[in-house]
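Commentary on secondary and tertiary structure
Each chain is listed here by its residues.
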Amino acid sequence: MTTASIPAAGGRRRQPTKLRRAVRRNVTAYGFLCGALICFAFFSWYPMIREVILSFQKTNFVDPPKWVGLENFRTVVSDPAFGPAWVNTALFTVLALLCGYGIPFVTAIVLNELRHARAYLRFVVYLPVMLPPAVSVLLFQWFYNPDYGLFNQVLDLFHLPGLQWLNSTSTALISLVIVSTWMNMGSGTLIYLAALQTIPSELYEAAELDGAGLFKRIRHVTIPQTKLILLVMLLLQIVATMQVFIEPYLLTGGGPENATVSVVYLMYQYAFNFGNLNAGNALGLMLMIVLMVFSAIYLRVSRDNTV
Amino acid sequence: MSDTTVMPGRSAGTPATSARQERRGPRRPRKPMNTQFRTAVSPHQLNTTRGRIVYWIVLVIVVVSFTAAFVFPLYWMITGAMKSTEELNAIPPTFLPSHFSLDGYLEAWDLLDLGTLLGNTALYAGGAWLLTLAVDVSAAYALSKLRPALGKVVLALMLSTLMIPPMVIMLPAYLTVKDVPFLHWNLLNTPWAIWLPAAANGFNVFLLKRFFDSIPRELLEAAEIDGASPGRILWSVVIPISRPILGVVSILTVVNVWRDFVWPLLVLPDSDKMSVSIGIASLSSQMPQNVLVASLVIASIPTIVVFFLFQRHIMAGLTAGSLKG
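Residues numbered from 1 in each chain as written. Chains lettered and ligands numbered in written order. Predicted model: local features only at pLDDT ≥ 70, side-chain atom pairs only at ≥ 80, totals over all residues.

Examining the domain arrangement of chain A
All names here are of chain A. Domain assignment breaks chain A into domain 1 (3-55) and domain 2 (73-305). Of note, the centres of domain 1 and domain 2, computed from C-alpha atoms alone, are 40 Å apart. Residue-level contacts link 4 residues of domain 1 with 6 residues of domain 2. Grouping the constituent residues of the side of domain 1 that touches domain 2 by class yields 2 nonpolar, 1 polar and 1 charged. (Domains from an automatic or database assignment. Contact = placed C-beta atoms within 7 Å. Nonpolar A, V, L, I, M, F, W, Y, C, P; charged D, E, K, R; others polar.)

Focus on the UniProt feature "transmembrane region" (unreviewed entry) in chain B
The positions that UniProt labels "transmembrane region" (unreviewed entry) are, in the present scheme, residues 53-78, 122-143, 155-174, 194-212, 233-258 and 291-310 of chain B. Span residues 194-212 of chain B is 89% helix and 0% strand, its end C-alpha atoms 27 Å apart. (UniProt positions renumbered as here; feature names shortened; annotations may be inferred. Helix = DSSP H or I, 4+ residues; strand = E, 2+ residues; numbered from the N terminus.)

Let's talk about the confidence of the model for chain B
All names here are of chain B. Of the residues in chain B, 87% reach a pLDDT of 70 or more, and the chain-wide mean stands at 83. Every residue in residues 1-25 is under pLDDT 50, and counting partners more than four places away or in other chains gives 18 contacts. Both confidence scores are given for the complex: pTM 0.83, ipTM 0.83. (pLDDT = per-residue confidence, 0-100.)

Regarding the interface of chain B and chain A
With 80 residues of chain B at the interface, the matching set in chain A holds 85 residues. Ranked by residue count, the leading element in the side of chain B that touches chain A is helix α17 (residues 289-323) of chain B, at 14 residues. Residues that form the side of chain B that touches chain A fall into these classes: 58 nonpolar, 17 polar and 5 charged.

A word on the UniProt feature "domain: ABC transmembrane type-1" (unreviewed entry) in chain A
According to UniProt, the "domain: ABC transmembrane type-1" (unreviewed entry) feature falls on residues 86-298 of chain A. Along residues 86-298 of chain A one finds 76% helix and 0% strand; the C-alpha atoms at either end are 22 Å apart.

Some points on the UniProt feature "domain: ABC transmembrane type-1" (unreviewed entry) in chain B
As recorded in UniProt, the feature "domain: ABC transmembrane type-1" (unreviewed entry) lies at residues 118-310 of chain B. Annotated as 74% helix and 0% strand, the span residues 118-310 of chain B places its first and last C-alpha atoms 20 Å apart.

Focus on the environment of Leu150 of chain A
Positionally, Leu150 of chain A belongs in helix α6 (residues 150-157). Along the chain, Leu150 of chain A and Leu127 of chain A lie 23 residues apart, while their C-alpha atoms are 19 Å from each other. Residues contacting Leu150 of chain A, with those up to four places away along its chain left out, are Phe143 of chain A together with Trp76 of chain B.

Overview of unusual backbone geometry
Leaving glycine out, the prevailing phi sign among residues is negative, and the prevailing peptide bond configuration is trans. Phi angles above zero are rare outside glycine, and Ala117 of chain A is one such case at about 55°. Along the chain, Ala117 of chain A falls in the loop between α3 (82-113) and α4 (118-130). A count of 16 C-beta atoms within 10 Å places Ala117 of chain A in the partly exposed class. Positive phi, close to 45°, is recorded for Arg147 of chain B, a residue that is not glycine. By the element assignment, Arg147 of chain B lies in the loop between α7 (114-146) and α8 (151-160). Note on Arg147 of chain B: 17 C-beta atoms within 10 Å, which makes it partly exposed. (Buried ≥ 20, exposed ≤ 12 C-beta atoms within 10 Å, placed from the backbone.)

Side note on the domain arrangement of chain B
All names here are of chain B. Along its sequence, chain B is organised into domain 1 (2-104) and domain 2 (108-323). At the level of secondary structure, the elements contributing two or more residues to the side of domain 1 that touches domain 2 comprise α4 (49-80) and α5 (85-89). For the side of domain 1 that touches domain 2, the element with the highest residue contribution is α4, accounting for 3 residues. A breakdown of the residues in the side of domain 1 that touches domain 2 according to their chemical character gives 4 nonpolar, 4 polar and 1 charged.

Next comes the structure, spelled out in structure tokens:
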């Protein structure tokens, strides 16, 4: 494989030189690669393998680790928060997709039509993405305060009754979705906008000549032309939102009554609050398997459709 | 409206036409809508009177709602920090703080020791930036231009890390930082706990390699014939022409480290080593609301400034990531 990639430099094709050059080139190349190889090995590859190993072990970092089969998984599954954690994560993902997937696309379509204030609107929609997530989340914690938060004050302005937001089981999860959408929709919007701008104008002109109205043009030109990016973003967003952690960690602590506990949050709790790291790993492995399915589809899609 | 293609300045120049237009009010020739980029709405419809009315209504709605949704919360945050606790609790709320004072900010700076927190975060972001560039640029260069044996396997392994959701391997990665295999170093509470994992970024390697692949081979061969070593070629030929992608990678790295929450939460538990997000979050429940809000403002200033300065790079990085995964 390597010898084939050497450019056939003018005439000098004697075997020893070629071999020596190949060896030297490989040594140099791995010299350049060693930093990255060390970083990846310690902080990506080894943790990936260890994630699997630890799920089937009992370790306390004093005694040698003990293989315990599926015990960690049994511990996790029998936890009363296990069911809610998955249901909430799934529900959060669905709701976050309803808001965080549709809204940015519609926004992008509208922005693409506007001829004024484009720079301002693009800047503004991306502003929350630039804030540290902890800042956005703590800001919304204040807004959600039932007594003096902005949201209830605005509701009060329209003579509507205030809500309990984070404190009620019925609104807590949707409150998290709102924060999440607010702080993340900017990137989706700008990505879609970039995709919309690559649509050739001839397609719209042709559709118009064929008598297609505005909504037909969006349905039959805009959406098919951005189908790929829509699919890619859908998969990426599923993977990202299923790892929701910071919102429940900072806003609700999983409460009230497990209404907002998520899988990653439960995993964190096992490791750092319940002192059962291996159970946390087992839970992480379950999530990894679920997410890998989406990642695999994503890779498949993006590989088949690029180049 | 066929006369919209006429330049408005020119048609207004003759008194006769402008007088006619005064009378006819709505039929003044206006600057036609910019139809350079054809979009879903037809330019013809957009230039009719009805089209224009609808367009301006939509524009106003969008601008107002975007301002309300994305700017107003920030305004509320900045002014909220200037209000006293009583004023924050007041009903109805005050739109402007009753008096302008920066005391809330000063108090937040002292109480939360924001100077230390911001300094820590700058140290983590800066170091991660340098290390990431050094490590990922040389790796991408080796994979793209030196093409060693098994290079494709190495690349595939690096890209495979993109498939692994970061949250899922955070526990074993934490254990690695706590006790690095073979070396038995404890990196907790040291900047290395942030720097080294930041450098293991498959996406950066991918972006850089893709850019390096596009550099014509002849350019490097010319340098090679002149006797330049691979290191010299990287430094004097490849890096100077790769500035755009280096900018994108730099911004992505710095912004990611600055915004990150979970990883620093795990590996930097000491309060004098915390990054600014973690520091504020850990003290948030003990602070008066106005002090907390002031600290949020201060914590967001650096990222907002970076955004102002490097908006183009940031948006380029965004689409570089999306259009190809």
